[in-house]
Amino acid sequence: MTEGMTITDMLGQSGLLTLLGMCVVFSFIIILICCMKLLQTVVHAFKLDKESQEASKSSAVSSPASNSSTDNGAVVAAIAAAVHDKALKS
């Protein structure tokens, strides 16, 4: 008669399968990082990133000024509403 796998054999096989899966995932991540670095080098070599950098710099400079005044107005309105509610409750 042939017996099935023992618990030791099953644990060994499951450990081996776990390590194999982790190696596959790790290898895929390494390949993905290398491809992204290569793409970054190619984009930088052909100077395809200059236009996007200039556009983001100009929008980044104008955005905080307009957002801060809007945010300050919202904060002032919230504080005024809280003070008004507190005055009514007292």
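Notes on the structure follow. (Residues numbered from 1 in each chain as written. Predicted model: local features only at pLDDT ≥ 70, side-chain atom pairs only at ≥ 80, totals over all residues. Heavy atoms only, no water.)

## Quick look at the overall build of the chain
Point 1. When you go through the chain residue by residue, the secondary structure sums to two helices and zero strands.
Point 2. Burial statistics for the chain: of 90 residues in total, 1% are counted as buried.
Point 3. Accessible surface for the chain amounts to roughly 8200 Å². Of this, 72% is attributable to carbon and sulfur atoms. (Helix = DSSP H or I, 4+ residues; strand = E, 2+ residues; numbered from the N terminus. Buried < 20%, exposed > 50% of the residue type's maximum accessible area, 1.4 Å probe, protein only. Areas by Shrake-Rupley, 256 points an atom, 1.4 Å probe, with all protein chains shown as cover.)

## Let's talk about helix α1 (residues 7-45)
Point 1. For α1, built from 39 residues, the straight-helix expectation of 57 Å at 1.5 Å per residue is met to within 8% by its first-to-last C-alpha distance of 57 Å.
Point 2. Backbone geometry just downstream of α1 places K47 in the positive-phi region, at approximately 55 degrees. (Expected span 1.5 Å × (residues − 1).)

## Things to note about a nonpolar patch on the surface
Point 1. Residues V25, F26, F28, I29, I30, L32, I33, M36 and L39 make up a contiguous nonpolar surface patch of roughly 900 Å² in combined accessible area.
Point 2. You can see M36 is positioned in helix α1. (Patch = residues over 30% accessible without salt bridge, like charges linked within 9 Å, V, L, I, M, F, W, Y side chains within 5 Å. Salt bridge = Lys/Arg side-chain N within 4 Å of Asp/Glu carboxyl O.)

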